[in-house]
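# Examining the three-dimensional arrangement
Each chain, letter by letter, is given below.
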Amino acid sequence: MLEIRDLSVRIGRHQVVAIDELTLASGDRMGLVGESGSGKTMTAMSIAGLQPRTATVSGSIRLNGRELLGLDPAAMAEVRGTDLGVIFQDPLRALNPTMRVGKQVGEAIRLHQRVSRRTAREQTVELLTRVGLDDAGRLVGRYPHQLSGGQRQRVLIATAIACEPILLIADEPTTALDVTVQQGILDLLVELSTEQGMGLLFVSHDLGVVRTVTSSISVMYGGHIAETGPVESVIQQPRHRYTEALIAASPGRGERAGPAQHGRRFRVIEGTVPPLGSFPSGCPFRGRCGHEVPDCAMAPPKTGPGPHVFRCWNPTAPAGDEVDARTH
Amino acid sequence: MGRIALRSFAVLLGSALVGSLLVFGLLRLLRGDIAWVIAGQDAPVEAVQELRDELGLDRPWFVQYVDWLGGLVRGDLGQSYASGYDIAEQIRIRMGLTLSLAVLSLLLSLAFAIAVGTYAALHSGDGRGRALDLTAQLGISIPTFWIGMLLISFISIRMGWLPAGGYVSWREDPVGAIRSLILPVLTLSVHLGAVLTRYVRSAMLDILNEDYIRSAMAKGRTFGSAVATHGIRNGAVPVLTVGVLALGSLLTGVAVVEVVFSLPGLGRMLLDAVLSREVIVVQSLVFIFILMILVLNFLMDLAYGLLDPRIRDKRSVA
Amino acid sequence: MNRQGSSVQASGIHADAPKTAIEGTTGPQPHRSRGRRFPAPLVTGTALIASACLVALISLWWTPFDLTGVDTAGSLLPPLSDGHLLGTDRLGRDVTSQIMAGARNSLIVGGAATGIAIVVGVVVGLITAASGRVAREVITRVIDIGVAIPALLVALVLATVLGPGRATVIAAIVISFVPWAARVSVGPARQILAREYVEAAFAYGRSRWYVMMRHVLPNIGSLIAVQAAIMFATAVLAEAALSFLGVGEPPPAQSWGRLLSESQSVAHQAPTLVIFPGLAITAVVLGFMLLGNGVHALLDPHQRRREMEARE
């Protein structure tokens, strides 16, 4: 359903995203994981045409076979409200502080459906109830600052699913929320995706969260996809050294903790993500990795069996006997 | 909202009272005996005493103050000492012209500022934006009265297109009234328009990067339509906050422009009173000017609450 | 905008303009990196102010023609005649000399008014910032009213009882600027006072006065300097308007506003008389505006970034 090929996002003379291939099947849920500065949000926003205006995007992004790059702004806007929903990290900032909540949800309906104000209002109440907000009839008359963080994020989700999109992009939807309401939002996203057969691109820095939500995972570093595959396969048998380090750095989350971190403290990844434009050539993780081999100075090849692929010259040993370092 | 409006109104009344006391006090504190100021230093003692009796300047100050306040409320402010006109009546006659000048130039400046300021914000990084910003700074730097003089020199004297001054009332000759107001309103709008343009630009720069603009786009709006539907109202709040400060200079600008274009408004009247040392007239007129500023402030204050529900809620809690 | 997005943007933007490149988004970095040129508006502003000061200084010792020399035979000469670079006025006085001497007046009034108002206003602001909640609310209310009252109105009140003159003008501008200076210093001063190192200083037993002088003032100094430049510009404008209205320093002192006022009656015979004094006022005011706004832009990398981000 979503097919990305040779996606490149540049800001000035710096390339912030370089993805040769990323696909998401209809109704699938994929987590896009990485540290700050890995390019994951930029990738997600580029799909929706919401990248910063300083950025230039090239390559190919197809949604249900339709090429999105190169669409004129009005056509892209139409795609956004109908086939594509987006929710953002900070629900308070993503809502207009001077507009009643109901009107903001209703706007998403009325932009794409010729319905009366009253019908839109009824649909809004329905939608809000659907995303688990009690007393939706009263909430529609409220302003964003009068709602709780969890309520606001539910309002944004209601807005995003108003026109039953085939793909929902969620950019760190729980990061700004209290821990106590995070799980509710995650459950809602999974539920909506399952019920409506809606694809979900879930952007997060938190492997533990991604694991509970999505079926596949793509790990980004330095604008590249380091490793991608089914979520259990990637987390239990990470092959890329960066994925391995990322998992090791994740704090254990009770039963969600991967076996790789049982019995040991979580580690930190040495150094910090380099500033833009100062990623080393070849493998971008070079310099922070600790498992470097001379080949790392060259771009690592795409490796791996089946759906689980990675780009690393010196991958971790696979758990099974099968040693596969075939170059595509 | 009603309670908040009531409180704003109470603040307005309080500020007006403080303002009246300040004007009244300042005019008396600086010179002990204003009878001498009015009559002139070399006036005969008897004439000064006569003036004192006539204006009741021998009474205790608060009696005079209350008397003046009462007069303001009743609309009876006495007569001009030098020219003999009825002060309150003159104010009533001239008020309309001064207010039309102020309101018309405010509207023109705002319309200009919203359009140009938004454009400048959208292009703030490139040459066009920078050029507009410099032009705005230049507009702020040009003295208002000089713009008026230049317009008179070129448009009225050289080209003869519009009258160089004077005023015919709306009732007598509407076209003539408009013709006589065009240059003064243009003159006033240069400074205010430039000031407001910079405010709008800066408010818009903030708005353009707001997340709710992006989420409006996510609902299916283009950038421009998202800014138009969600940006303007949010941008209006900070513009109003600083715009209030420009109102005082707008009103004094009106006074100066009335002098340049020989328009019979309150500003001309005030200046004449100042130059002929008519303390009583100055006192009432300055208060009227302060009152106009305070009323505009009050209206802006109400506007914030209407525009931003967060301010409304914060106030009703406080 | 999430943190990742903005950090990407920030670095990308700096990279856009190689001269301002700040490599890296971590650790303390100077706002201005090596080899940065000062922006053209700032240079222009400084140059305008410097030349005005220079002209004012020179006029103390030398002007092309005698300042008080009245020559009705040579009145209203056009520019470049008989050695009069900018012509002569109604009384035959040399316009160049008058404008040179007028610079003195504008700068004295602007400097004195701004200087006094900044000192008084900042002290009021610091006191307000350090006082308790109730006192602060009250003073803030009064300041709010004061800020709304324009200098011109105050000047007209003062001129009624004190008569026209430079002192009246300066006093009026000071009265209307003090609330302004107080208002812009209260907020930042309170922010500094809330910082941990200031609280630590109090804990060490430092006096309020010491903390104000040692910690608060230096931190809000640059911000106040910016305001001072804008105030100076406003003061020059107010002085010109007051002189034009006849409330400024009376003759024989020279002032740009009065030159313009005198040119009004002969505008159709000698249009250039209307032009030059106005240009002089505009140049000086623009100089201070450019300086103030230019320094402000340098001090506020946030705004710079915002502007860069907003571009397409």
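Because the structure is a prediction, the values reported are computed rather than measured.

## What about the UniProt feature "transmembrane region" (unreviewed entry) in chain C?
Residues and elements named next belong to chain C. UniProt marks residues 42-62, 107-130, 142-162, 168-186, 216-238 and 274-299 with the feature "transmembrane region" (unreviewed entry), using the numbering shown here. Along residues 42-62 the backbone is 95% helical and 0% strand, and the end-to-end C-alpha distance reaches 30 Å. Its end C-alpha atoms 34 Å apart, residues 107-130 is made of 100% helix and 0% strand.

## Comments concerning helix α6 (residues 127-141) of chain B
Taking 1.5 Å per residue as the helical rise, α6(B) with its 15 residues ought to reach 21 Å, and the 21 Å between its terminal C-alpha atoms agrees with that figure. Regarding α6(B), the residues found buried are Gly129(B), Leu132(B), Asp133(B), Ala136(B), Gln137(B), Gly139(B), Ile140(B) and Ser141(B). For α6(B), the elements touching its buried residues are α5 (87-122) and α8 (174-208) of chain B together with α8 (208-245) and α10 (272-299) of chain C.

## Quick word on the nonpolar core
Counting residues in each nonpolar core, the largest one holds 263 residues, and the members touching the most others are Leu128(A), Val282(B), Ala155(C) and Leu156(C). It is α8(C) that contributes the most residues to this core, 19 residues altogether. The residues contacting Leu156(C), other than those within four sequence positions of it, are Leu270(B), Val274(B), Val282(B), Val286(B) and Val247(C).

## Describing the confidence of the model for chain A
Residue and element names in this part refer to chain A. Of the residues in chain A, 91% have a pLDDT of 70 or more, and the chain-wide mean is 83. Across residues 253-263 the pLDDT falls below 50, and counting only partners more than four positions away or on other chains, this stretch makes 17 contacts in the model. Across residues 321-328, confidence stays below pLDDT 50; counting only partners more than four residues off in sequence or on other chains, it has nine contacts.

## As for the interface of chain B and chain C
At the interface, 52 residues of chain B touch 43 residues of chain C. Mapped onto the side of chain B that touches chain C, the elements with two or more residues apiece are α1 (2-29), α5, α6, α7 (144-158), α8, α10 (223-260), α11 (266-275) and α12 (279-307) of chain B. In the side of chain B that touches chain C, the residues fall into 35 nonpolar, twelve polar and five charged.

## Looking at the UniProt feature "domain: ABC transmembrane type-1" (unreviewed entry) in chain C
This chain's UniProt record puts "domain: ABC transmembrane type-1" (unreviewed entry) on residues 103-292 of chain C. For the annotated span residues 103-292 of chain C, helix accounts for 84% and strand for 0% of the residues, and the straight-line distance between the end C-alpha atoms is 20 Å.

The rules behind each value
- Residues numbered from 1 in each chain as written.
- Chains lettered and ligands numbered in written order.
- Predicted model: local features only at pLDDT ≥ 70, side-chain atom pairs only at ≥ 80, totals over all residues.
- UniProt positions renumbered as here; feature names shortened; annotations may be inferred.
- Helix = DSSP H or I, 4+ residues; strand = E, 2+ residues; numbered from the N terminus.
- Expected span 1.5 Å × (residues − 1).
- Buried ≥ 20, exposed ≤ 12 C-beta atoms within 10 Å, placed from the backbone.
- Contact = placed C-beta atoms within 7 Å.
- Core = buried A, V, L, I, M, F, W, Y, C linked by C-beta atoms within 7 Å.
- pLDDT = per-residue confidence, 0-100.
- Nonpolar A, V, L, I, M, F, W, Y, C, P; charged D, E, K, R; others polar.

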